[in-house]
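Residue-level structural notes
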Amino acid sequence: MVRVPLTPWERQRGERFGALLREARGERSMVEVAAAAGVSAETLRKIETGRAPTPAFFTVAALAAALGLSLDELATECVAGWDGLDEGGEHALSA
């Protein structure tokens, strides 16, 4: 299966998501939060630094739960500033 390259917006969204997780983690160690979420510290590091900009849903849900974050609030924050159009001006989510 060939993976389609991420758009600049998808990469930015991943960076925003990682920054939100890092902020929510506060003084807790990466190892502590990763263990609470049931993911590796390396996975959390990649997400926080934007190197894994599209983590699996259950990874996101587990991290949100470990950090006491709402999935709704995370989603809203990650798409803030997005107008719903792709680079060509078309609606990005339309079929």
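All residue numbers here refer to positions counted from 1 along the written sequence of the relevant chain. Only residues with pLDDT of 70 or above have their local features reported here, since the model is predicted, and side-chain atom pairs are shown and tallied only from 80 upward, although totals for entire chains, interfaces and linings are computed over all residues. In computing side-chain properties, one takes all heavy atoms of the structure into account and sets aside hydrogens as well as water.

A short note on the overall build of the chain
Cut-off, in case you're wondering: Secondary structure counts use DSSP, requiring at least four H or I residues in a row for a helix and at least two E residues in a row for a strand, with both numbered from the N terminus. Type-normalised accessible area, obtained with a 1.4 Å probe on protein chains alone, sets the label of each residue: buried when under 20%, exposed when over 50%, and partly exposed for intermediate values. Only the protein chains shown count as covering a residue, and every accessible area follows the Shrake-Rupley method with a 1.4 Å probe.
From N to C terminus, the chain includes five helices and zero strands. Across the chain, helices and strands are ordered from the amino to the carboxyl terminus as α-α-α-α-α. Out of the 95 residues belonging to the chain, those deemed buried represent 25%. Put simply, the chain shows about 6,300 Å² of open surface, and 57% of that area lies on carbon and sulfur atoms.

A short note on helix 3 (residues 41-48)
We count it as follows: This arc is taken over the directions from the axis of the helix to the C-beta atoms. We call two residues contacting when some pair of their heavy atoms lies within 4.5 Å.
Buried within helix 3 we find L44, I47 and E48. Within helix 3, the buried residues cover an arc of 95° as seen down the axis, which keeps them to one side. Of the surrounding elements, those touching the buried residues of helix 3 are helix 1 (8-25), helix 2 (30-37) and helix 4 (57-67). Directly after helix 3, the chain includes G50, whose backbone phi takes a positive value near 85°.

So, the environment of L67
For L67, the location among the structural elements is in helix 4. Taking the C-alpha atoms as reference points, L67 and L21, separated by 46 residues in sequence, lie 7.9 Å from one another. Excluding residues that lie within four positions of it along the chain, L67 makes contacts with L21, A24, R25, R28 and V33.

Structural notes on the pattern of salt bridges
Where charged atoms from two side chains of opposite charge come close, those side chains can pair. Filter applied, for reference: Think of a salt bridge as a Lys or Arg side-chain nitrogen and an Asp or Glu carboxyl oxygen that are within 4 Å of each other.
Within the structure shown, the criterion is met by three salt bridges. A salt bridge links R28 to E32; its shortest N-O distance comes to 3.3 Å. Of the charged contacts, one joins R45 and E42 as a salt bridge, the two residues approaching to 2.5 Å between their closest N and O atoms. On the criterion of helical spacing, the pair formed by R45 and E42 is a turn pair, its members being three residues apart in helix 3.

Description of a nonpolar patch on the surface
For clarity, the threshold we go by: Patches were defined on residues exceeding 30% relative accessible area and lacking a salt bridge, with like-charge contacts within 9 Å and nonpolar side-chain contacts (Val, Leu, Ile, Met, Phe, Trp, Tyr) within 5 Å.
Where nonpolar side chains cluster on the molecular surface, the patch consists of F57, F58 and L71 and spans about 360 Å² of accessible area. You can see L71 is positioned in helix 5 (residues 71-78).

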